[in-house]
Amino acid sequence: MNNKNLSVDLQTWFHQFKRELPFRKNKDPYRIWISEVMLQQTRVNSMLDHYRAFLSEFPTLADLASGKEEKVLSLWKGLGYYNRAKNLHRGAKYIMENFNGLFPSDSKELQKVPGIGPYTSNAILSIAFSLPYAVLDGNVKRVLSRVFAFSGEIDNSSNEKILQGYADELLDTKFPGNHNEAIMELGASICRPKDPDCTICPISTYCIAFQKKRVGEFPKTKLPIEKIPLKFHFYLIFNESSEVLIYEDPEKRFFPKFKTPPFLISGENLSKSYTSLNHEMSELINHLPEAKEIYAGKHSITKHSIHLFFSIHKVKEKDIKKMLNIEFITLNSLPNRFPSSIVSKILKNPFLKSYNFKF
Ligand code: SF4
């Protein structure tokens, strides 16, 4: 395969057809970083509003580093995987403290920044600094698996090393940023997961799968895992001021980094790791007055499919013995403190909306 010609054809196509996107306007590593992390969560069209709002609130690395975590998380709402937002915030502080606010252009140093792994590092170094690092995201893996008719599963970590080798081999080291953006764009727009549009593909003459009429066979992936069905029951415990109780438990399997209303997890044959309440909180729940159980819809977290329920309870704050790590907050501030779409599903429920909180 003539790698050089492939990259030239790919970049010529990119130059002609690339979408005008806000993060392509300049080569600012901060903007590239934010866009790449958001793009790991969702497609371009769905992330643009989030990107604009984030950059308007935090236009520079220094603004992000000095911003409040609550604000960062609230701007992340809807994107999911809130740890990534927390890491962006921590990463910005780390760069301010350790590199005087300037992104290091050394791969090892850059990967010391919280939240920056090999993929993000390669994207920043190639696009912002024109350094010869090839990116390997989901789109690129799919394109490479077809171009090379790669018979291994692309989501297997040892195969990723082989694919990284292919990506390095194809990289145009003179224009690494352009090359990387072009191959990612090709995967997003033409070499799509289903129905790739090979007839207009700029690299079809190099693509082994296309030449051998075997495109439908690639990429090879692991069989989908069957989802584990779970029931989450949230206990909304209100005090005399209609504030809701949240608590922190770093041992929780789900949302260990957030204060949440207490919730019980149930399901068939669950291991102990699913136990969601510590002893003190279990005691409190067991002594709550009985309340109606309300269905709040479905939710999904990685390999779990979840049915959400909640119940409403009123307690006198003084009757709850002073437990560590509990707090009462207004219902309006709950989405910021526990930024999961679970909260909006519960808050939208008509039963909660019409509830009389008076004691
Ligand atoms: S020819 Fe088809 S399968 Fe091959 S890279 Fe292009 S779009 Fe993908």
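As the structure is a prediction and not an experimental result, all values here were calculated from the model.

Describing the overall build of the protein
Working step 1: A tally of regular secondary structure across the protein gives 16 helices and six strands.
Working step 2: Seen through its C-alpha atoms, the protein measures out along the principal axes to roughly 75 × 45 × 35 Å.
Working step 3: Here the protein, with 359 residues, has 48% of them falling under the buried criterion.
Working step 4: The contacts of the protein with a sequence gap of at least 6 include a subset with a gap of at least 24, amounting to 67%.
Working step 5: As presented, the protein carries roughly 18,900 Å² of accessible surface, and 51% of it is formed by carbon and sulfur atoms.

So, the domain arrangement of the protein
Working step 1: When the domains of the protein are assigned, the result is domain 1 (3–217) and domain 2 (228–353).
Working step 2: Each of domain 1 and domain 2 has a C-alpha centre, and these two points are 36 Å apart.
Working step 3: Domain 1 puts eight residues into the contact, and the matching count from domain 2 is eight residues.
Working step 4: The junction of domain 1 with domain 2 conceals about 710 Å² of combined surface from both sides, 58% of it contributed by carbon and sulfur atoms.
Working step 5: Summed over the three residues of domain 1 that lose the most area to domain 2, namely Glu70, Tyr82 and Lys86, the buried surface amounts to 50% of that side.
Working step 6: Linking domain 1 with domain 2 are zero salt bridges, by the criterion used here.
Working step 7: Taken together, the links from domain 1 to domain 2 amount to two residue pairs in polar contact (both at pLDDT 80 or more).

A short note on the site of the ligand
Working step 1: Near the ligand the following residues occur: Arg146, Ile190, Cys191, Cys198, Cys201, Ser204, Cys207, Phe210 and Val215.
Working step 2: Counted by class, the shell around the ligand contains seven nonpolar, one polar and one charged residues.

A short note on empty space enclosed by the protein
Working step 1: Here the structure, examined in full by the defined rule, presents two cavities of 30 Å³ or more.
Working step 2: For the lining of the largest cavity, the element with the most residues is helix α9 (residues 138–147), which contributes three residues.
Working step 3: Split by residue class, the lining of the largest cavity holds twelve nonpolar, one polar and two charged.
Working step 4: Every residue lining the second largest cavity is listed: Phe234, Leu236, Pro261, Leu334, Phe338, Ile342, Val343, Ile346 and Leu347.
Working step 5: Residue assignment for the lining of the second largest cavity shows that the elements contributing at least two residues are β1 (228–238) and α15 (341–347).
Working step 6: Among the elements that make up the lining of the second largest cavity, the one with the highest residue count is α15 (four residues).

Considering helix α1 (residues 3–17)
Working step 1: With 15 residues, α1 extends 21 Å from end C-alpha to end C-alpha; this agrees with the ideal 21 Å at 1.5 Å per step.
Working step 2: For α1, every residue scored as buried is listed here: Asn3, Leu6, Ser7, Leu10, Gln11, Trp13 and Phe14. Down the axis of α1, the sector holding all buried residues measures 160°, keeping them to one side. In α1, the exposed positions that point more than 90 degrees away from the buried face belong to Lys4, His15 and Gln16.
Working step 3: Its buried side turned inward, α1 meets α9, α10 (157–170) and α11 (176–189).

What about the pattern of salt bridges?
Working step 1: Here the structure, examined in full by the defined rule, presents 14 salt bridges.
Working step 2: Between Arg24 and Glu185 there is a salt bridge; the shortest N-O distance is 2.8 Å. A residue pair is termed long-range when its members are at least 10 positions apart, and Arg24 in the loop between α1 and α2 (29–39) and Glu185 in helix α11 qualify at 161 residues. Taken as a pair, Arg24 and Glu185 share a single burial class, namely buried.
Working step 3: Each of the salt bridges in this network shares a partner with another, and the network as a whole consists of Arg19, Arg24, Lys27, Glu181 and Glu185.

Comments concerning helix α3 (residues 44–57)
Working step 1: The terminal C-alpha atoms of α3 lie 20 Å apart, and with 14 residues this matches the ideal 20 Å at 1.5 Å per residue to within 8%.
Working step 2: Listing the buried residues of α3 in full gives Val44, Met47, Leu48, His50, Tyr51, Phe54 and Leu55.
Working step 3: Residues of α3 that are buried sit in contact with α2, α4 (61–66), α5 (69–75) and α6 (82–99).

The rules behind the values
- Residues numbered from 1 in each chain as written.
- Predicted model: local features only at pLDDT ≥ 70, side-chain atom pairs only at ≥ 80, totals over all residues.
- Heavy atoms only, no water.
- Helix = DSSP H or I, 4+ residues; strand = E, 2+ residues; numbered from the N terminus.
- Buried < 20%, exposed > 50% of the residue type's maximum accessible area, 1.4 Å probe, protein only.
- Contact = heavy atoms within 4.5 Å.
- Areas by Shrake-Rupley, 256 points an atom, 1.4 Å probe, with all protein chains shown as cover.
- Domains from an automatic or database assignment.
- Buried area = accessible area lost by both parts, 1.4 Å probe.
- Salt bridge = Lys/Arg side-chain N within 4 Å of Asp/Glu carboxyl O.
- Polar contact = N/O pair within 3.5 Å; in protein donor to acceptor, adjacent residues only side chain to side chain.
- Near = heavy atom within 4 Å.
- Nonpolar A, V, L, I, M, F, W, Y, C, P; charged D, E, K, R; others polar.
- 1 Å grid on protein atoms, 1.4 Å probe; cavity = no way out; pocket = protein on both sides within 12 Å on 5 of 7 lines; lining within 4 Å.
- Points joined across faces, edges and corners; volume = space filled by probe spheres on them.
- Expected span 1.5 Å × (residues − 1).
- Arc of directions from axis to C-beta.

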